[in-house]
Amino acid sequence: MLIVMKTDATDADIERVVQIINDLGFRAHPMPGATRTAIGITGNQGSVDVARFESLPGVAEAIRVSKPYKLISLDLRPEKTIVRVGDATIGGDELAIIAGPCAIESRAQAFAIAEAVHKSGVKFFRGGAYKPRTSPYAFQGLGEDGLKILAEVREAYGLKIVTEALDEAGVDLVERYGDMIQLGARNMQNFSLLRRAGRSKLPVLLKRGLAATLDEWLLAAEYIMAEGNYNVVLCERGIRTFAQHTRNTLDLAAIPAVRRVSHLPVVVDPSHGTGKNYMVTALARAGVAVGSDGLIVEVHDQPERALSDGAQALNLKQYDQLVQEVRAIHEVVTPAAVG
Ligand code: PEP
Ligand code: MN
């Protein structure tokens, strides 16, 4: 159920509703909005008695939610969520670009790429320290040493660090060195990991699973939010289909589809979405044109020597060109045109 408060409801009115929900043994999720606060209820097995809330001061209405998800929904928060990462945002007016190598390979590599990312005016730096590789014999990342390099990059350039946690212990480490927890496609339904990220203070970038439906993806976000972390950004990174001309099939229709049901920001990953360097810029342009809130893109100073995902990495020159082009496209894509 969802309790919608009146526009003029006071803090005490909201607190009273929260208290009653807690007393019933459920969890209250107050979501302040531009015009009103709504309070989501989770933890209830059966239905909650509407009459219990409707007559309380400050309550406009109590709505039964028939959809499988509650907290990600526009019913709870009609305006878009803006996820704040320090002084940077995802979901606001500015196009959020997250750029960097697939994996942190060395200090020199990370700094060469970070220098270019910083110069381009982009605020987020990506780079994996723990890599989920198909083969156990492939480069697995530098581990904590990689995170230490990322922390140095943050210190040197003020870039916000987005990096993947493969497991719960990894979340502890990302909390120590990073700014945003990336949960990868292969872990989209790792429910204990989702719950752990839900108890973190850091925002979460939740990549769509390799074969996940829209509802499964949104429910994975719901797991994080149900634990109290409302700073979730969805990432479309392509799904597995019969097509063989790309590594994955980038499902750009997912962007307006998410927008229709959820207030959460959504970004596009044209790198994993195609797997091929020559397609990345084209699909990045398209991702911005369909109304995504940003991009996550792999860049390398020497793509031919990359230890992972070299085939899809842009070189620094291609990266600069991409940033210019997608910013120009973003200028002419108004939210109203894609909503
Ligand atoms: C990555 O971002 O490098 C990555 C492994 O992505 P995904 O989980 O989408 O495959
Ligand atoms: Mn990668």
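This one's a predicted model, so the numbers in the text were calculated from it and none came from an experiment. (Residues numbered from 1 in each chain as written. Chains lettered and ligands numbered in written order. Predicted model: local features only at pLDDT ≥ 70, side-chain atom pairs only at ≥ 80, totals over all residues. Heavy atoms only, no water.)

## Description of the overall build of the protein chain
Phase 1 of the analysis: Helices and strands together make up the secondary structure of the protein chain, namely 12 helices and 14 strands.
Phase 2 of the analysis: For the protein chain, whose C-alpha radius of gyration is 21 Å, the value lies close to the compact-globule estimate of 20 Å for 339 residues.
Phase 3 of the analysis: By principal-axis analysis of the C-alpha atoms, the protein chain measures approximately 65 × 40 × 40 Å.
Phase 4 of the analysis: Residues classed as buried in the protein chain amount to 53% of the 339 residues present.
Phase 5 of the analysis: Sequence-distant contacts, at least 24 apart, represent 69% of the contacts inside the protein chain between residues at least 6 apart.
Phase 6 of the analysis: Of the roughly 14,400 Å² of accessible surface on the protein chain, a fraction of 51% belongs to carbon and sulfur atoms.
Phase 7 of the analysis: Across the protein chain, the 38 positively charged side chains and the 40 negatively charged ones have centroids separated by 3 Å. (Helix = DSSP H or I, 4+ residues; strand = E, 2+ residues; numbered from the N terminus. Rg over C-alpha atoms; globule rule 2.2 N^0.38 Å. Buried < 20%, exposed > 50% of the residue type's maximum accessible area, 1.4 Å probe, protein only. Contact = heavy atoms within 4.5 Å. Areas by Shrake-Rupley, 256 points an atom, 1.4 Å probe, with all protein chains shown as cover. Lys, Arg positive; Asp, Glu negative; His and termini not counted. Charge placed at Lys NZ, Arg CZ, Asp CG, Glu CD.)

## Side note on the pattern of salt bridges
Oppositely charged side chains can form a pair if their charged atoms are brought close together.
Phase 1 of the analysis: Counted under the stated rule, the structure contains 19 salt bridges.
Phase 2 of the analysis: Of the charged contacts in the structure, one is a salt bridge between Asp-75 and Lys-67, with a shortest N-O distance of 2.9 Å.
Phase 3 of the analysis: For Asp-75, a relative accessible area of 36% translates into the label partly exposed.
Phase 4 of the analysis: Between Lys-123 and Glu-94 there is a salt bridge, and its shortest N-O distance comes to 3.2 Å. (Salt bridge = Lys/Arg side-chain N within 4 Å of Asp/Glu carboxyl O.)

## Quick word on the sheet that holds strand β4 (residues 59-63)
Phase 1 of the analysis: What the 4 strands build is an open sheet, ordered β2-β3-β1-β4; its pairing is antiparallel. Only two strands of the sheet have a single partner each, and these edge strands are β2 (27-32) and β4. The mean angle between the axes of side-by-side strands here comes to 20 degrees, regardless of whether they run parallel or antiparallel.
Phase 2 of the analysis: Taken together, the 4 bridges between strand β1 (residues 2-5) and β4 define a ladder with antiparallel strand orientation. (Pairing = 2+ DSSP bridges. Axes fitted to C-alpha atoms, helices over the stretch in contact; angles between N-to-C directions.)

## A look at the site of ligand 1
Phase 1 of the analysis: Residues in contact with ligand 1 amount to 13 residues; listed here are only the nearest, Arg-126, Lys-131, Ala-185, Arg-186 and Arg-237.
Phase 2 of the analysis: Within the side chain of Arg-186, an N or O atom sits 2.8 Å from an oxygen atom of ligand 1.
Phase 3 of the analysis: The separation between an oxygen atom of ligand 1 and a polar side-chain atom of His-272 is 3.2 Å.
Phase 4 of the analysis: In isolation ligand 1 offers 300 Å² of accessible surface; the protein chains occlude 97% of this area.
Phase 5 of the analysis: In terms of residue class, the shell around ligand 1 is built from 3 nonpolar, 3 polar and 7 charged. (Near = heavy atom within 4 Å. Polar contact = N/O pair within 3.5 Å; in protein donor to acceptor, adjacent residues only side chain to side chain. Nonpolar A, V, L, I, M, F, W, Y, C, P; charged D, E, K, R; others polar.)

## As for the coordination of the manganese ion (ligand 2)
Phase 1 of the analysis: The protein atoms donating to the manganese ion (ligand 2) are Cys-102 (SG), His-272 (NE2), Glu-298 (OE) and Asp-309 (OD), with metal-donor distances spanning 2.0 to 2.4 Å.
Phase 2 of the analysis: In primary-sequence terms, the residues that donate to the manganese ion (ligand 2) follow C-x169-H-x25-E-x10-D. In this pair, Cys-102 sits in the loop between β7 (96-100) and α3 (107-119) while His-272 sits in helix α9 (residues 270-274), placing the two residues 170 residues apart along the sequence. Each member of the pair Cys-102 and His-272 is classed as buried. (Donors = N, O, S within 2.8 Å, 3.2 Å for Na, K, Ca; no water.)

## Structural notes on the packing of aromatic side chains
Phase 1 of the analysis: Applying the stated rule across the entire model yields 2 aromatic pairs.
Phase 2 of the analysis: Taking the centre distance of 5.9 Å and the plane angle of 50 degrees together, the rings of Phe-111 and Tyr-157 count as tilted. Linking Phe-111 in helix α3 with Tyr-157 in helix α4 (residues 144-157), this pair joins segments that are 46 residues apart in sequence. (Phe/Tyr/Trp six-rings, centres within 6.5 Å; stacked < 30°, edge-to-face > 60°.)

## Section: the nonpolar core
Phase 1 of the analysis: Counting 70 residues, the largest nonpolar core has Phe-125, Val-153, Leu-183, Leu-206, Leu-234 and Leu-322 as the members making the most contacts within it.
Phase 2 of the analysis: Of the residues forming this core, the biggest block, 6 residues, is contributed by helix α7 (residues 214-226).
Phase 3 of the analysis: Mapping this core onto the domain boundaries places at least three of its residues in each of domain 1 (2-63) and domain 2 (83-337).
Phase 4 of the analysis: Every residue in contact with Val-153, bar those within four places of it in the chain, is listed here: Ala-110, Phe-111, Ala-114, Phe-125, Gly-158, Leu-159 and Ile-161.
Phase 5 of the analysis: The next biggest cluster of nonpolar side chains, apart from the first, holds 18 residues, and it includes Met-5, Val-17, Ile-39 and Val-59. (Core = buried A, V, L, I, M, F, W, Y, C linked by side-chain atoms within 4.5 Å. Domains from an automatic or database assignment.)

## Some points on the side chain of Lys-160
Phase 1 of the analysis: Looking at where Lys-160 falls in the secondary structure, it is placed in strand β9 (residues 160-164).
Phase 2 of the analysis: A polar atom in the side chain of Lys-160 sits 3.2 Å from the side chain of Asp-87.
Phase 3 of the analysis: Not counting chain neighbours up to four residues away, the residues in contact with Lys-160 comprise Val-85, Gly-86, Asp-87, Ala-88, Lys-123, Phe-124, Phe-125 and Asp-179.

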